[in-house]
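Here is what each chain is made of, one letter per residue.
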Amino acid sequence: MSFNSQRKWSNTYKNLYKTRAINNNLIDYIAKIEEFYISELESINTYTKTKPKDLIYLDKLSEKKESLFKKNLSSFIEGFIDSKYQRGY
């Protein structure tokens with residue numbers, strides 16, 4: 001009879017221990033979320049809205065297009081210069 005009651009007490013203690021660990025984790029998560037929201041609320045006042053005069057506009061650069069034939073030909077010529085393409089024996 002004492003073994004049965006001891007087993008029940010051990011199971012109850014184990015369940016309470018797990019519940020306490022989950023509760024501590026939830027408290028940590030809630031604290032982190034509160035800290036995040038407080039920092040977000042504090043940062044609202046530090047940011048200002050931009051106006052068009054605050055922005056810097058850059059001209060779009062035109063892309064240089066090279067033909068595929070010219071690209072392959074230049075690669076072929078560079079290969080000869082580097083002795084990449086050599087005659088085999």
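Visitor: Please explain the overall build of the protein chain as it appears in this structure.
Guide: Helix and strand counts for the protein chain stand at two helices and zero strands. Per-residue burial for the protein chain yields a buried fraction of 2% across its 89 residues. For the protein chain, the accessible area works out to roughly 10000 Å², and carbon and sulfur atoms hold 59% of it.

Visitor: Quick question: what am I supposed to make of a nonpolar patch on the surface here?
Guide: A contiguous nonpolar patch, built from Phe69, Leu73, Phe76, Ile77, Phe80 and Ile81 and spanning about 660 Å² of accessible area, is present on the exposed surface. With respect to the secondary-structure elements, Ile77 resides in helix H2 (residues 68–81). A relative accessible area of 44% means that Ile77 is categorised as partly exposed.

Visitor: Looking at this structure, I do not really get the packing of aromatic side chains. What am I missing?
Guide: Aromatic ring pairs are reported here in terms of the distance separating the ring centres and the angle at which the planes meet. Applying the stated criterion to the full structure yields three aromatic pairs. With centroids separated by 6.5 Å and ring planes inclined at 40°, the aromatic side chains of Trp9 and Tyr13 adopt a geometry described as tilted. Within this pair, Trp9 and its partner Tyr13 are both found in helix H1 (residues 2–44), separated by four residues, close to a single helical turn. Under the relative-accessibility criterion, Trp9 is labelled exposed at 53%. Ring geometry for Phe36 versus Tyr37: centroids 5.6 Å apart, planes at 65°, classification edge-to-face. A connected cluster of aromatic rings, assembled from ring pairs, spans Trp9, Tyr13 and Tyr17.

Visitor: What am I meant to see in the side chain of Ser43 here?
Guide: Inspection of the secondary structure assignment puts Ser43 in helix H1. Take Ser43: its relative accessible area is 17%, and that puts it in the buried class. A distance of 2.9 Å separates the side chain of Ser43 from the backbone oxygen of Glu40, its partner in a polar contact.

So, how was this worked out
- Residues numbered from 1 in each chain as written.
- Predicted model: local features only at pLDDT ≥ 70, side-chain atom pairs only at ≥ 80, totals over all residues.
- Heavy atoms only, no water.
- Helix = DSSP H or I, 4+ residues; strand = E, 2+ residues; numbered from the N terminus.
- Buried < 20%, exposed > 50% of the residue type's maximum accessible area, 1.4 Å probe, protein only.
- Areas by Shrake-Rupley, 256 points an atom, 1.4 Å probe, with all protein chains shown as cover.
- Patch = residues over 30% accessible without salt bridge, like charges linked within 9 Å, V, L, I, M, F, W, Y side chains within 5 Å.
- Salt bridge = Lys/Arg side-chain N within 4 Å of Asp/Glu carboxyl O.
- Phe/Tyr/Trp six-rings, centres within 6.5 Å; stacked < 30°, edge-to-face > 60°.
- Polar contact = N/O pair within 3.5 Å; in protein donor to acceptor, adjacent residues only side chain to side chain.

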